[in-house]
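# Results of the structural survey
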Amino acid sequence: AATGTAGLAYGVGPGSDIGHFSLQLHYQNMEGKPVFDKSGVRLSFESRPPKTRLRFDVLMSTRVNIPPAVFIDECVACRVTRGGTVFGFRNHAHRLARDIWTDEFDAHGAAKPSIGRLSAQEPQIIRLLPKPRSLAEGESLELHCLYNASGVDRPTRIGLDERSKEMCNQYYLS
């Protein structure tokens, strides 16, 4: 286990909020050539419940509408309504996205270190934070997604199709 992660796990099955489990791999294959993947996944299962049950919390923009020929910051603000601890994150966007991160502000508006600033073109995997971060009720979060649509001649809206649509999501492992 990574530092600070012993006893953290998802509870799956009877008595948990997660009834089943699935694993998906997606490749952004723009070349049309086969992708030969030599990576791996290691899963472990235990019959007893985890000491700390993890969940995924999602920050996202539902209003993505990127004008053509611009470099733009899609920013979504929200308030923390339930405090907790963030152990890791995963950023998700499509082709036009450049960077994704979240700015955090305490209840008085003072800036705290940002969470998860990373190029959206890096592998979209769960990354553990160097140390767990506490989020307190009443704090504010601002999710940022930078998009470069300088070579695009039409608006790009939110959607699942990575060839023509965009997303702005940051998932917290908490």
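See the structure printed just above.
Residues numbered from 1 in each chain as written. Predicted model: local features only at pLDDT ≥ 70, side-chain atom pairs only at ≥ 80, totals over all residues. Heavy atoms only, no water.

## Quick word on the sheet that holds strand β3 (residues 56-60)
Put simply, the rule reads: DSSP bridges decide pairing: two strands pair if at least two such bridges lie between them. In this text, helices come from DSSP runs of H or I with a minimum length of four residues, and strands from runs of E with a minimum of two, each type numbered from the N-terminal end. What counts as an axis is a line fitted to C-alpha atoms, over the stretch in contact for a helix, and the angles between N-to-C directions run from 0 to 180 degrees.
Read from one edge of the open sheet, four strands run β3-β12-β6-β9, paired in antiparallel fashion. Where the open sheet ends on each side, the last strands, each with one partner, are β3 and β9 (127-135). Across this sheet, the average inter-strand angle for adjacent strands is 35°, counted without regard to direction. Alignment of β3 against strand β12 (residues 169-173), held across five bridges, turns out to be antiparallel. Looking across to β12, one finds that L59 is bridged to Q170.

## What to know about the environment of L96
Put simply, the test is: The buried label goes to any residue with under 20% of its type's maximum accessible area, the exposed label to any with over 50%, and the partly exposed label to all in between, with areas taken from a 1.4 Å probe on protein chains only. Any pair of residues with heavy atoms lying within 4.5 Å of one another is described as a contacting pair.
Within the fold, L96 resides in the loop between β6 (84-92) and β7 (97-105). For L96, a relative accessible area of 13% gives the class buried. For the pair L96 and Q121, spaced 25 residues apart in sequence, the C-alpha to C-alpha distance is 9.1 Å. Setting aside chain neighbours within four positions, we find L96 in contact with I66, L146, Y147, N148, A149, V152, T156 and E166.

## As for the sheet that holds strand β5 (residues 71-79)
If you trace the four strands from one edge of the open sheet to the other, you get β5-β10-β7-β8, paired in antiparallel fashion. One side of each edge strand has no neighbouring strand; the edge strands of this open sheet are β5 and β8 (111-119). For this sheet the average axis-to-axis angle between neighbouring strands, irrespective of direction, equals 15°. Here nine bridges tie β5 to strand β10 (residues 140-148), and the two strands are oriented antiparallel to one another. Bridging across to β10, I72 finds its partner in Y147.

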